Structure formats: structure tokens, C-alpha cells
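Listed here are the chains, written in short residue letters.
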Amino acid sequence: MIENLKVKCDCTTYNAVDTNPLSVYVMQPIWNKIIKIVPLWIAPNLLTFSGFVMILVNYFLISFYDWDYTASGTSPGLVPTWVWLFSAFTTFCAYALDSIDGKHARRTQSSSPLGELFDHGLDSWATSIFVLSFFSVCSRDNGKTGVSVYTMYIYLSIVLFNFMCSHWEKYNTGVLFLPWGYDLSQVLITAYLLTGLVGVEVWQKPLLFGYYITDVLVILLIGKCPDPWKTLLAHLKKTLKNGSLYEGLLPLVSPLLLFVLLTVWVVLSPGNILAKQPRLFLWMVGVTFSNVICKVIICQMSSTQPELLHWFLFPLALVVYAAISGLLGWAEEAVLAAFTALVTAAHVHYGICVVSRRL
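From a predicted model like this one, the values you see are computed outputs, not experimental measurements.

1. Quick look at the confidence of the model for the protein chain
With 80% of its residues at a pLDDT of at least 70, the protein chain reaches an overall mean of 82. Taken element by element, the predicted model of the protein chain shows its lowest mean pLDDT in helix α1 (residues 2-8) (46) and its highest in helix α15 (residues 313-324) (96). With pLDDT under 50 throughout, residues 1-12 is counted as low confidence; its partners more than four residues away or in other chains account for 30 contacts.

2. A few points about the UniProt feature "transmembrane region" (unreviewed entry) in the protein chain
With numbering aligned to this structure, UniProt lists the feature "transmembrane region" (unreviewed entry) at residues 37-61, 81-97, 147-165, 206-223, 244-268, 280-299, 311-330 and 336-355. End C-alpha to end C-alpha, residues 37-61 measures 29 Å, and it is 72% helix and 0% strand. Across residues 280-299 one finds 100% helix and 0% strand; the C-alpha atoms that close the span lie 29 Å apart.

3. A few points about the packing of helix α4 (residues 81-107) against helix α8 (residues 187-198)
Running from amino to carboxyl end, α4 crosses α8 at an angle of 160 degrees, the nearest separation of the two axes being 8 Å. Considered as vectors, α4 and α8 are oriented roughly antiparallel to each other. The chirality of how α4 crosses α8 is left-handed. Between α4, through T81, W84, L85, S87, A88, T91 and F92, and α8, the contact on the second element is made entirely by I189, Y192, L193, T195, G196 and L197. Each residue belonging to the contact of α4 with α8 can be placed in one class, and the counts come to eight nonpolar, five polar and no charged.

4. Brief notes about the packing of helix α5 (residues 113-138) against helix α6 (residues 149-173)
Contact geometry of α5 with α6 gives a least axis separation of 9 Å together with a crossing angle of 165 degrees. Relative to α6, the element α5 is oriented roughly antiparallel. By crossing handedness, the relation of α5 to α6 is classed as right-handed. In this structure, α5 contributes E116, H120, D123, S124, T127, S128, V131, L132 and F135 to the contact, and α6 contributes M152, Y155, L156, V159, L160, F163, H167 and K170.

5. Let's talk about the nonpolar core
Grouped together as the largest cluster of nonpolar side chains are 68 residues, with contacts concentrated most on L262, W265, F281 and L282. The greatest single-element share of this core, amounting to twelve residues, is contributed by α5. Ranked by size, the runner-up nonpolar core spans 13 residues in total, among them W168, I297, M301 and Y350.

6. Overview of the packing of aromatic side chains
Inspection of every chain in the model, using the stated rule, returns 18 aromatic pairs. Pairing Y69 with F135 gives two aromatic rings, centres 6.2 Å apart and planes at 80 degrees, and the pair type is edge-to-face. Residue Y69 is located in the loop between α3 (44-65) and α4, and its partner F135 is located in helix α5; the two are separated by 66 residues in the primary sequence. Within the aromatic cluster, the residues linked to one another by ring pairs are Y153, F161, F259, W265, F281 and F289. Across the ring face of Y350, the terminal group of K295 is positioned such that the distance to the ring centre comes to 5.2 Å.

Rules used throughout
Here the residue index of a chain counts from 1 through its sequence in written order. In view of the model being predicted, local features appear only for residues whose pLDDT reaches at least 70, and side-chain atom pairs are presented and counted only at 80 or more, with totals across whole chains, interfaces and linings using the full set of residues. Only heavy atoms go into the side-chain values, all of them from the structure, while hydrogens and water stay out. Confidence of the predictor at the level of single residues is captured by pLDDT, which takes values from 0 to 100. The way it works is that DSSP assigns letters per residue, a run of H or I at least four long becomes a helix, a run of E at least two long becomes a strand, and they are numbered from the N terminus. Residue contacts are defined here by distance: any two heavy atoms, one from each residue, within 4.5 Å place the two residues in contact. UniProt positions are given in the numbering used here, feature names are shortened, and annotations may be inferred rather than shown by experiment. Between N-to-C directions, angles cover 0 to 180 degrees, with each direction set by a line fitted to C-alpha atoms, over the stretch in contact for helices. By definition in this entry, angles of less than 35 degrees are roughly parallel, angles greater than 145 are roughly antiparallel, angles of 65 to 115 are roughly perpendicular, and the rest are oblique. Take the far helix as the reference: if the near one is turned anticlockwise from it by less than a right angle, the crossing is left-handed, and if turned clockwise, right-handed. All residues other than Ala, Val, Leu, Ile, Met, Phe, Trp, Tyr, Cys, Pro, Asp, Glu, Lys and Arg, Gly among them, are scored as polar; the first ten of these are nonpolar and the last four charged. Nonpolar core, defined: a set of buried Ala, Val, Leu, Ile, Met, Phe, Trp, Tyr and Cys residues in which side-chain atoms within 4.5 Å join the residues together. For each residue, the accessible area found with a 1.4 Å probe, counting protein chains only, is set against the maximum for its type, and the residue is called buried under 20%, exposed over 50%, and partly exposed in between. Here a Phe, Tyr or Trp ring, Trp counted by its six-membered ring, pairs with any other such ring whose centre lies within 6.5 Å, and the pair is stacked when the planes are under 30 degrees apart, edge-to-face when over 60, and tilted otherwise. Distance and angle both matter: a charge sits over a ring if NZ of Lys or CZ of Arg is within 6 Å of the ring centre and within 35 degrees of the ring normal.

Next up, the structure:
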């Protein structure tokens, strides 16, 4: 598959549609001004990678103060004020860098399939990291405020499927329909600022009809989901890039099975693994989905057919079976940590291999 990318990707043209009014009328004019101050000698991929590194730094910093998502459930919160302000800063910078890297590439006439792959590949991972950092603002359910770890899992899955469906649409139609949630999610910047300036208490009071501000923010975070009817309509009009409906639906098989396996583990875990290790489990969810999505992106760019079953599914199925059958016993958390380390290392290695082969 990687060899196919190297051969076929040179003819790929980037075709995206963004109908979000916030992006079109507010953010794009801002990025057009910012891009003018970026030195021409800076590589576009450096902008992309710098934004991703800032997201990672912010995530690990919040994790240090709030590993189990309980720090914001107390009053006053246990996370220092400067951390929330730093989160607002890094989120804005990461968002800005991700928004101007393509503009900078066109400005310097250095646009390439590698740049597109690098950008979307990192986005597929950053999407989950954004959400996992935001959960520290929400706080874990303490009986009065916050959201349950199971709700966190569902929210994260919805966001990841949202991202997945966008690239699935491009796989079938050749056009990337950008989800509205990408720009609307930047209200997280305001959330971090508000938390830093006012304190976590602002999230612990009902806003309206018993709903909290965090409930509204999560809805905005999920955003406008891609429209699956575009793909169905393209199938009926026989304008799909792929020759059959089977090929068109093939990219959805692995992520759906992945979600089923993960959900079975969450629901049937004898040791209630998600409640014991929410941050570790949700990180693993984000990494596994990212790797699946990256392979769909590569297939879409190289006009190749994706594999039916992603290889992550096989060790995951063994782990889930061992966990829910009670074979793991007290070692369930240790096995989760080992599996998380495995998929994270495999994902990083896969990314390095793809980029090095493309170069």
C-alpha cells in the first residue's frame, strides 16, 4: 500500500469544501493575514508538526495535574490557573498552524501529496487529543457535576467517527467535506480562558433546564456530522470513484468492528477498566482509530482498496476476550497499558515508514 502511494499520489489534487460560516467569514480572513508574516523559508510541514507538538505538550501537562479527570470536580480546582491559560494559548496556536500550513505551501509553491498526507494524518490523532484535554474541563462525574467516563467514551467515539466519515466521503466522492465541528470546536479556547480567569466553579452551576455549559460545549465539539447521503447519491448517480457499493463501504468495516470490540470491553469488563483507567483507555481508543483512519486516507490518495480487517483488530480481540472472560483478572490494567504502548509505538512507526517511503 505504501509503495502504491509513492507511485500514484503525485497526480492527486486536493479538493475540499468548507461551508461553515465561522470558517468562511471569520477565520479564513484572519489566517490570510497571519500567513503574510510567516517567513518563506519555513517548510509547511514544520508548521503542521509544530502545531501537533503543542497539542501533545498541552495534553501531557494537563494529564500531569489531572490523570483521572477529577481535578476540576472540586472547588477550587486542583489544576493551576496558568495551566488553563497555557492550554488556551497552545490550542489557538495549534489551530492557527494547522489552518495556515496549506496556505503557506501554496504560497511557497511547495504543495505536495506528502504535505496533505502529513496534515490529515496528524489531524486524525490530534482530534482525539483535543477532546481528551477538554474532558479535564468537564471533570469526571462526582454525583453533582461532571460527565461519566462512559459519556466521555461515547463523545470521543462520535468525534472520531465524524472525522472518519469526512475522509470516507472523500474516498468515495473525491471531495473532502470539512465538518463544521472543526471550527466550532475552537470554543475550547474560550473554555480554557474562562476556566483560568474565573475558575472551575463556572462549570459547576446549571445553565438552563438543568443542563451545564459543558453540555453545550460538547454539542459544539461534535459539530455538524458529514452527510452520508452524499455518498449514497453519488452511488445512485454512478459517480462514485469506486466501482461498486462494496468497495465504497469497505473503509467502514474496520472502524465499526473496532468500536464494537472496544464497547464490549467497556461494558463487560469485570474490573470496570474504563472507570479505573479512563485516560489510558481513551488514549488507546484515539490511537487505534487514528491508525485506521490514516490507512483510509492513504487508500483515498493512492486510489487503492483498503484492507477488510485492520491488523489491530486481532490482538484487540484477544485482549477483549481475555478480559471479559476473567482470564486477565488483576492483570487487566497492566495488559491495557501494554496494549496501549504497542498500538502507540506501531502507529508512530507506521507514520515514520509512510513519510520515509514517500520521500
